[in-house]
Amino acid sequence: FLEKKPQGVIKQGMVRSGEGWAKDAGVYEFTMGATGDKVLARYSFVYVYEDGQWKIAHHHSSVMPEGLLAGKKPEGDVLSSEEVRSLFDLWNNALATENPEAVAARYSKDAILLPTVSDEPRTSKEGITDYFVNFLKNKPQGVITDGVTLSGPGWAEDAGVYEFTMG
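Now for a description of the structure that goes with this document. (Residues numbered from 1 in each chain as written. Predicted model: local features only at pLDDT ≥ 70, side-chain atom pairs only at ≥ 80, totals over all residues. Heavy atoms only, no water.)

Attention shifts here to the overall build of the chain. The number of helices and strands found in the chain is three helices and six strands. When the helices and strands of the chain are placed in sequence order, the string is β-β-β-β-α-α-α-β-β. Overall, the C-alpha framework of the chain stretches about 50 × 45 × 30 Å when taken along its three principal axes. Relative to its full complement of 167 residues, the chain shows a buried share of 31%. (Helix = DSSP H or I, 4+ residues; strand = E, 2+ residues; numbered from the N terminus. Buried < 20%, exposed > 50% of the residue type's maximum accessible area, 1.4 Å probe, protein only.)

As C-alpha cells, then:
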C-alpha cells in the first residue's frame, strides 16, 4: 500500500468524544501518488488517551461499494438516515427468530463479518451462519447507543456502538 504513495483527504466525517476517548467515522479518498488512481473508502477510528498521548485503539477501512464497480455509474436509491437505521432493525428482528439462516440472509454475498464474540473473521455465507448458530443461543437483542449513518446510490453505512442484552 505504501509503495503506491497514498495521500488521503476526509470527504465526510463525524467526530464524537468523551473522557479519554474519541471516534471519527466517515468517508475518505486516497490519491495514489505513484499512479494517480483514486480510491474512495469508509473509515472509522477509535482513539484512547494513553500514556499522555492519543493512540488508535481501533481502525477500520474498506473500499466504498461503488468503488468496486470499476468506473461504472452506481445504481440504486440513496436512503435517508432513518431508512439506514431501520436496516439495523431488520437485522435485530432476524436475531429474534433465533434462526442462523435468517440472520445470515441479511448479509450480502460478499460480506465480511468481524464477530462480536469470536476472533475469526467470517467471509462466506457458511461461516456467517456458523457464527450465529452459537451466538443465537444467547438470545441477543441489540440497541444502538451511538452512531452515524451515511449513504449513496446503492449503498448505506451505519457505524457506531450497540449494546446487546442476552436472554
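Here the largest pocket is characterised by a volume of approximately 2200 Å³. Forming the walls of the largest pocket are 43 residues, and the residues nearest its centre are Arg-42, Tyr-107, Ile-112, Glu-157 and Asp-158. Sorting the residues of the lining of the largest pocket by element identifies β2 (21-32), β3 (38-50), β4 (53-63), α1 (81-96), α3 (125-135), β5 (140-152) and β6 (155-166) as the ones contributing at least two each. Residue composition of the lining of the largest pocket, grouped by class: 26 nonpolar, eight polar and nine charged. (1 Å grid on protein atoms, 1.4 Å probe; cavity = no way out; pocket = protein on both sides within 12 Å on 5 of 7 lines; lining within 4 Å. Points joined across faces, edges and corners; volume = space filled by probe spheres on them. Nonpolar A, V, L, I, M, F, W, Y, C, P; charged D, E, K, R; others polar.)

Quick look at α3 now. For α3, the set of buried residues is Gly-127, Ile-128, Thr-129, Tyr-131, Phe-132 and Phe-135. Looking at the packing, one finds that the buried side of α3 touches α1, α2 (100-104), β5 and β6. (Contact = heavy atoms within 4.5 Å.)

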